[in-house]
Amino acid sequence: MNQPSSGIATAVAVTLPEWVPGVVDGFPACTNDTGRMRLAITLARENVERGSGGPFGAAIFARGAPRPLAVGVNCVERLRNAVLHAEIVALMLAEARLGSYTLRTPGAPEYELFTSCTPCAMCLGAALWSGVRRMVCAAGREDAMALGFDEGPVFPESWRYLQAQGIDLEHGLLAAAAAEVMRRYREDNGLVYNG
Ligand SMILES: [Zn+2]
């Protein structure tokens, strides 16, 4: 590959840890919201236990589908990239899978994002631009803040804005299980990064 004379980087690779497909393939069919969130939380837990990143996982499903279109785990530390939160990774891989910059296309399934923790300001914006029609969150902003993660400028009106754009929101599904993964990460002295 030619080295650009300017010395700037011209590409970035976003890759999931190699264990992820095996965990997804071995996971039971997700027949309801609880199952779908269990997958997101399982990915968060495995990311911590296997030492591949922070305590966050996400999964994107077509509405009612038992298998995900895409998943994500936190890749910030492993890939040395501040924006690679689990939700961002899942959204990027979902759109790569569809070959489309939006998950909202007339006549196509509606897509739903399940995330193990309430999104930060960046991920909230990305969810808006992605075209997901529903977002379901487990642990709360306060759980992330308790670990020292800065969730950024997310305000009540931010949520209302998403809802006004046709994104249905649910909070607190399996919150205790997701918060437990985050607590474990802190007990193991996992890296807390804020850009
Ligand atoms: Zn985020």
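From a predicted model like this one, the values you see are computed outputs, not experimental measurements.

**Q** Outline the pairing of strand β2 (residues 70-73), supporting the account with residue identities and numerical values.
**A** By the alternation rule, side chains of β2 split into A70 and G72 and V71 and V73, which are all buried. The pairing of strand β1 (residues 57-62) with β2 spans four bridges and is antiparallel. By the bridge assignment for β2, I60 is matched with A70.

**Q** Go over the coordination of the zinc ion with me, naming the residues and quoting the values.
**A** Protein coordination at the zinc ion comes from H85 (ND1), C120 (SG) and C123 (SG), with a distance range of 2.0 to 2.3 Å. Within one chain, the residues donating to the zinc ion are spaced in sequence as H-x34-C-x2-C. Of this pair, H85 sits in the loop between α3 (76-79) and α4 (86-98) while C120 sits in the loop between β3 (111-117) and α5 (121-130), and the two are 35 residues apart along the sequence.

**Q** Outline the nonpolar core, supporting the account with residue identities and numerical values.
**A** Counting 61 residues, the largest nonpolar core has L39, L43, I60, L103 and M135 as the members making the most contacts within it. Sorting elements by how many residues they give to this core places helix α2 (residues 33-49) first, with seven residues. Among all residues touching L39, those that are not within four sequence positions of it are F27, C30, A59, F61, P68 and V71.

**Q** Lay out the packing of α2 against helix α8 (residues 175-187) with the relevant residues and their values.
**A** Where α2 contacts α8, the two axes come as close as 9 Å, and the packing angle between them is 10°. Considered as vectors, α2 and α8 are oriented roughly parallel to each other. Contacts between α2 and α8 pair I41, A44, R45, V48 and E49 from the former with A177, A178, V181, R184 and Y185 from the latter. Grouping the amino acids of the contact of α2 with α8 by side-chain chemistry returns seven nonpolar, no polar and three charged.

What counts as what
- The residue numbers shown here count from 1 along each chain, following its written sequence.
- Residues qualify for local features only when their pLDDT is at least 70, as the model is predicted, and side-chain atom pairs are given and counted only at 80 or more; totals for whole chains, interfaces and linings, by contrast, use all residues.
- Hydrogens and waters are ignored; side-chain quantities use all the structure's heavy atoms.
- Per-residue accessibility, obtained with a 1.4 Å probe over protein chains only, is compared with the maximum for each type, and a residue is labelled buried under 20%, exposed over 50%, and partly exposed between these values.
- Numbering goes from the N terminus for both helices and strands, where a helix is a DSSP run of H or I of at least four residues and a strand is a run of E of at least two.
- One requirement defines pairing of two strands: DSSP has to find at least two bridges between them.
- Each metal's donors are the N, O and S atoms found within 2.8 Å of it, except that Na, K and Ca use a 3.2 Å limit; water is left out, so coordination can look incomplete.
- By nonpolar core is meant a set of buried Ala, Val, Leu, Ile, Met, Phe, Trp, Tyr and Cys residues that side-chain atoms within 4.5 Å join together.
- Any pair of residues with heavy atoms lying within 4.5 Å of one another is described as a contacting pair.
- Helix axes are fitted only over the stretch in contact, all axes being lines through C-alpha atoms; the angle between N-to-C directions runs from 0 to 180 degrees.
- Should an angle fall under 35 degrees it is taken as roughly parallel, and over 145 as roughly antiparallel, whereas 65 to 115 is taken as roughly perpendicular and any remaining angle as oblique.
- Amino acids are sorted into nonpolar (Ala, Val, Leu, Ile, Met, Phe, Trp, Tyr, Cys and Pro), charged (Asp, Glu, Lys and Arg) and polar (every other residue, Gly among them).

By themselves these figures say nothing about function.
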